[in-house]
Amino acid sequence: MTDPVVFQGGPIRLMQEDDLAADMPDALLVEDGLIRAIGTFDDVRRAATGAPRQVDLDGRTLLPGFVDAHTHTLLHGSGLEWVDLSDVKTVDDIVDRLSRRAAERPGSPVHGYGYDQSLLQDRRHPSARDLDRVTTTQRVQIQHASGHGYALNTNALRDFGITAQTPTPTGGRIDRDDRGEPTGVVFDAACDLLTGPEGVKVSNHGPNFHLPSNDDDVSRMFELGQTSLLAAGITTICDAQVTELEMAAYLQARDSGRLRMRAHLMLLSNKLEHLKALGLTSRLGDDFLELYGVKVYADGSVIARTAYLGAHGCCGDPTPSGYLYHEPAELQQLITTAHAMGLRTGTHAQGDVPIGLVLDAIERARATHPRPGLVHRIEHCGFPTDQQVGAMARLGVVPVPQPMQVHLYGDSLIEEFGDWGGSFYPYGTFEQAGVPVVISSDAPVTSPGPLRAAWAAISRQTAAGDVAGSPRQQASRPAALRGITAAPAKLLGRSDVGRLVAGGQADLVLADTDPVTCALDDLATAVVTETWLAGSPVWSQTSGLAPVLTGS
Ligand SMILES: [Zn+2]
């Protein structure tokens, strides 16, 4: 139950599907967690059951809470707690920054997040020998910006028993020197080796995001990740890789009243047989927490250069060519099984070969088990051919890319692959083919910031100021703004969020900029000042996260 509140005094953008600029009402009433009325101030005032509190927007814009269709709350929170390596320029910078943390916390493992070899002057991953300069007595592990792998020091290699005799698992990578000794770089399916004897294992079903942790670590990191999403105005998410560790974090947050967003969970495909055994063939959950579907991996990461980029090859010694997580028949089996059960799939695929395998698998699954309305997704979908985009339109397959990666990594992709590299995440091509434009963060891979991400999808401006790809790959502004609101909401099967509609959820964002009419570059710097969930403020620029209400 929430008291009635009327918002007025600034643009109210309903983000309806058809015309974003139309129908700007004067006022909006929320009550009992829902939007009760939209219209003139007098109309909505009369619709309230009691005397409503008034919130003067004071020129700020009222928008629906943003929807992030692909994010990782717990991993994002871990990244926020670990040493930030997202802006380092050299391996020496990495060593310096980690050394400060090692000195501050003697005896504890040193964790970092966010380095990217393609943005380092050294153009390589740090080696165990580099990281031994941080400490030889503590474990050092730094996660790559993609989340798909780590660089480790010798102590960590030793702790996790990774030696010349350790076989490289299918769908994984352990870099080695001429004598076969591991050099400290461990990626994708090989990350299972880093979770400790008690840790969650995912085998060749994905990169393992986890490091050894206890319950307190997990709930603290979850809260950090959630707070960051709320501060970006995100009130509904799809968590794109849920194992038992993430599931425990969501359930614990909900049971303690600390889940302050609507979360749709994609369980990792290593759980598919468990779901089948339990007979979980339909939606399970409520307005705040829902079992949404199954996450499948087809190939590796573009920014780590482990994606399977087919004829474009990748990327020279010591980096191997990209790889597939599963043999094609196994991928087909996973997608067919999920589809036959009525579960949505979201398959990570970057290169045109794995994208083709996913589309073939979906087409075959649909031929044997027609299930109209069951939507399948391709996560990221970096380099589809035009023909594949046509197939997505025909099959109702929705790509879920992250346009801020075009901004952050476009320069290095163009440098390495030429014009083809600049065609990464071709939003305009999707839009022109009638394929939904859906924008997401993949936090922590890019920082949550939906308005800035919309700007990146429209402008395709790289960090160096160039434009990646051709103008036809740029999204229109209406499509990009729907891509952070109504379109991902629809993808999550919801008509009650992602737009402002009477009877819908009162999940709201107050922003200092009107995204519909502002100059394009102002979208990149627009600031969220307040976030509301179910009719109550949950985060504000001035006071941060609202306290948990007991008894709610
Ligand atoms: Zn992801």
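Residues numbered from 1 in each chain as written. Predicted model: local features only at pLDDT ≥ 70, side-chain atom pairs only at ≥ 80, totals over all residues. Heavy atoms only, no water.

1. Comments concerning the overall build of the protein chain
So the rule is basically this: Strands are runs of DSSP state E lasting at least two residues, helices are runs of H or I lasting at least four, and both sets are numbered from the N terminus onward. Radius of gyration here uses only the C-alpha atoms, and the compact-globule reference equals 2.2 Å multiplied by the residue count raised to the power 0.38. Using a 1.4 Å probe, accessible areas were evaluated by the Shrake-Rupley method; residue-level cover was limited to the displayed protein chains. By the counting scheme adopted, Arg and Lys are positive, Glu and Asp are negative, and His together with the chain ends is not counted. The atoms used to mark charge sites are NZ of Lys, CZ of Arg, CG of Asp and CD of Glu.
When its secondary structure is counted, the protein chain shows 18 helices and 23 strands. Taking 2.2 N^0.38 as the reference for a compact globule, 552 residues should give roughly 24 Å; the C-alpha atoms of the protein chain span a radius of gyration of 23 Å, in line with that estimate. With the C-alpha coordinates aligned to their principal axes, the bounding extent of the protein chain is approximately 80 × 55 × 50 Å. When the accessible surface of the protein chain is summed, it comes to about 20,600 Å², and 50% of that surface belongs to carbon and sulfur atoms. Where the 45 positive side-chain charges of the protein chain centre and where its 67 negative ones centre are 2 Å apart.

2. Examining the environment of Pro-384
What counts is decided by this rule: For each residue, the accessible area found with a 1.4 Å probe, counting protein chains only, is set against the maximum for its type, and the residue is called buried under 20%, exposed over 50%, and partly exposed in between. Working rule for contacts: check all heavy atoms of both residues, and any pair within 4.5 Å makes them a contact.
The residue Pro-384 is located in the loop between strand E18 (377-380) and helix H11 (386-395) in this model. Since its relative accessible area comes to 13%, Pro-384 is described here as buried. The sequence separation of Pro-384 and Pro-354 amounts to 30 residues, and the corresponding C-alpha distance is 9.4 Å. Beyond its immediate sequence surroundings of up to four residues, Pro-384 is in contact with Ile-355, Val-389, Met-392, Pro-426 and Phe-430.

3. Focus on helix H10 (residues 352-368)
Spelled out, the test is: How far a helix is expected to stretch is found by multiplying one less than its residue total by 1.5 Å.
Helix length check: H10 (17 residues) gives 24 Å between terminal C-alpha atoms against 24 Å at 1.5 Å per residue, within 8%. Those residues of H10 not exposed but buried are Pro-354, Ile-355, Gly-356, Val-358, Leu-359, Ala-361, Ile-362, Ala-365 and Arg-366.

4. Notes on the packing of helix H2 (residues 73-81) against helix H6 (residues 215-231)
The condition that has to hold: A fitted line through C-alpha atoms represents every axis, and for helices the fit uses only the stretch in contact; the resulting angles, taken between N-to-C directions, go from 0 to 180 degrees. Reported orientations rely on four angle classes, namely roughly parallel under 35 degrees, roughly antiparallel over 145, roughly perpendicular from 65 to 115, and oblique for the rest. In this classification, the charged set is Asp, Glu, Lys and Arg, the nonpolar set is Ala, Val, Leu, Ile, Met, Phe, Trp, Tyr, Cys and Pro, and all remaining amino acids, among them Gly, are polar.
Relative to each other, H2 and H6 sit at 95°, their axes nearing to 7 Å. Comparing their axes, H6 and H2 come out roughly perpendicular. Contacts between H2 and H6 involve Thr-73, Leu-74, His-76, Gly-77, Ser-78, Leu-80 and Glu-81 on the former and, on the latter, Val-218, Arg-220, Met-221, Phe-222, Leu-224, Gly-225, Gln-226, Ser-228 and Leu-229. In terms of residue class, the contact of H2 with H6 is made up of seven nonpolar, seven polar and two charged.

5. Considerations on the pairing of strand E8 (residues 110-115)
Remember that side chains alternate between the two faces of the sheet whenever the strand is regular. The following threshold applies: When DSSP locates at least two bridges between a pair of strands, those strands are taken to pair. The path from the first strand over the helix to the second decides the hand: if it runs clockwise while the strands point away from the viewer, the crossover is right-handed.
The buried fraction of E8 amounts to six of the six residues, a majority that puts the element mostly inside the structure. Here strand E7 (residues 83-84) runs beside E8; their pairing, made up of two bridges, is parallel. Within E8, the position partnered with Asp-84 by the bridge is Tyr-113. Following the backbone out of E7, through helix H3 (residues 91-104) and into the adjacent parallel E8, one traces a crossover that is right-handed. Both E8 and strand E9 (residues 140-144) contribute to a ladder of five bridges, which runs parallel. Residue pairing for E9: Gly-112 is matched across the bridge by Ile-142.

6. What about the pairing of strand E20 (residues 508-511)?
Going residue by residue along E20, you find Leu-508 and Leu-510 tucked away on one face and Val-509 and Ala-511 tucked away on the opposite face as well. By the bridge criterion, four bridges tie strand E5 (residues 61-64) to E20 in an arrangement that is antiparallel. Across the sheet, the residue bridging to Leu-62 is Leu-510, located in E20. Sheet topology places E20 next to strand E21 (residues 528-533); four bridges connect them, and they run antiparallel. Its bridge partner being in E21, Val-509 is matched across the sheet by Thr-531.

7. Observations regarding the environment of Glu-198
Inspection of the secondary structure assignment puts Glu-198 in the loop between strand E12 (182-188) and H6. For Glu-198, a relative accessible area of 77% puts it in the exposed group. Residues Glu-198 and Ser-536 lie 338 residues apart in sequence; the distance between their C-alpha atoms is 40 Å.

8. Describing the sheet that holds strand E22 (residues 536-540)
One open sheet accounts for five strands, arranged E5-E20-E21-E22-E23; its pairing is antiparallel. Looking along the sheet, the strands with just one partner apiece sit at the ends: E5 and strand E23 (544-545). Pairing of E22 with E23 involves two bridges; the strand directions are antiparallel. Along E23, the bridge assignment pairs Ser-540 with Gly-544. Across the sheet, H6 lies against E21, E22 and E23, angled at about 100° from E22, the strand it touches most.

9. Examining the coordination of the zinc ion
Under ideal tetrahedral coordination, the four donors around a metal are separated by 109.5 degrees; under ideal octahedral coordination, the six donors are separated by 90 or 180 degrees. Rules: Coordination partners: N, O, S within 2.8 Å of the metal, 3.2 Å for Na, K and Ca; water not considered, so apparent gaps in a site are possible.
Coordination of the zinc ion by the protein is provided by His-70 (NE2), His-72 (NE2) and Asp-442 (OD), with metal-donor distances spanning 2.1 to 2.2 Å. Between the donor residues of the zinc ion, the gaps in sequence give the motif H-x1-H-x369-D. With His-72 in the loop between strand E6 (66-71) and H2 and Asp-442 in the loop between helix H14 (427-432) and helix H15 (450-459), the pair connects residues that are 370 residues apart, well separated along the chain. With a relative accessible area of 7%, Asp-442 lands in the buried category.

10. Brief notes about the nonpolar core
Going by this rule: Definition of nonpolar core: a set of buried residues of the types Ala, Val, Leu, Ile, Met, Phe, Trp, Tyr and Cys, connected through side-chain atoms within 4.5 Å.
Counting residues in hydrophobic clusters, the biggest one holds 107 residues, and the most contacted among them are Tyr-250, Ile-378, Met-392, Ile-439 and Leu-481. Top contributing element to this core by residue count: H15, with seven residues. Beyond its immediate stretch of four places on either side in the chain, Tyr-250 contacts Thr-73, Phe-222, Ile-237, Asp-239, Leu-259, Met-261, Ala-263, Leu-265 and Leu-289. Counting residues in each nonpolar core, the second largest holds 20 residues, with Val-83, Leu-85, Val-91 and Val-185 among its members.

11. Here's the deal with unusual backbone geometry
The omega torsion of the bond from Ala-443 to Pro-444 falls at 15°, within 30 degrees of zero and hence cis. Structurally, Pro-444 is set in the loop between H14 and H15. Positive phi, normally seen in glycine, also occurs at Tyr-425, with a value near 55°. According to the relative accessible area criterion, Tyr-425 is buried, its value standing at 0%. Positive phi is not limited to glycine here, since Asp-442 has a value of about 55°.

12. Points about the side chain of Gln-117
To keep it simple, the criterion reads: Two N or O atoms form a polar contact when they lie within 3.5 Å of each other; inside protein one atom must be a possible hydrogen donor and the other a possible acceptor, and for residues adjacent in sequence the pair counts only when both atoms belong to side chains.
With respect to the helices and strands, the residue Gln-117 is situated in the loop between E8 and helix H4 (128-132). Looking at Gln-117, its side chain comes within polar contact range of the side chain of His-144, at 2.7 Å.

13. What to know about helix H12 (residues 404-417)
What counts here: Two axes are fitted around each residue, one to the seven residues ending there and one to the seven starting there, and the angle between them is reported as the bend at that residue.
Relative to the 20 Å expected for 14 residues at 1.5 Å per residue, H12 spans 19 Å between its end C-alpha atoms, a close match to the ideal helical length. The largest bend along H12 reaches roughly 60° and is located at Gly-410. For H12, the full list of buried residues reads Met-404, Gln-405, Val-406, His-407, Tyr-409, Gly-410, Ser-412, Leu-413 and Phe-417. Here the buried face of H12 lies against helix H13 (419-422) and H15. Phi turns positive, to about 70°, at Gly-418, one or two residues after H12.

14. Some thoughts on the environment of Val-242
When you line up the elements, Val-242 lands in strand E13 (residues 234-242). Owing to a relative accessible area of 1%, Val-242 belongs among the buried residues under this scheme. For the pair Val-242 and Met-266, spaced 24 residues apart in sequence, the C-alpha to C-alpha distance is 5.8 Å. Residues within four places of Val-242 in sequence aside, it is in contact with Met-247, Leu-265, Met-266, Leu-267 and Leu-268.

Keep in mind that these numbers describe shape and distance, not what the molecule does.
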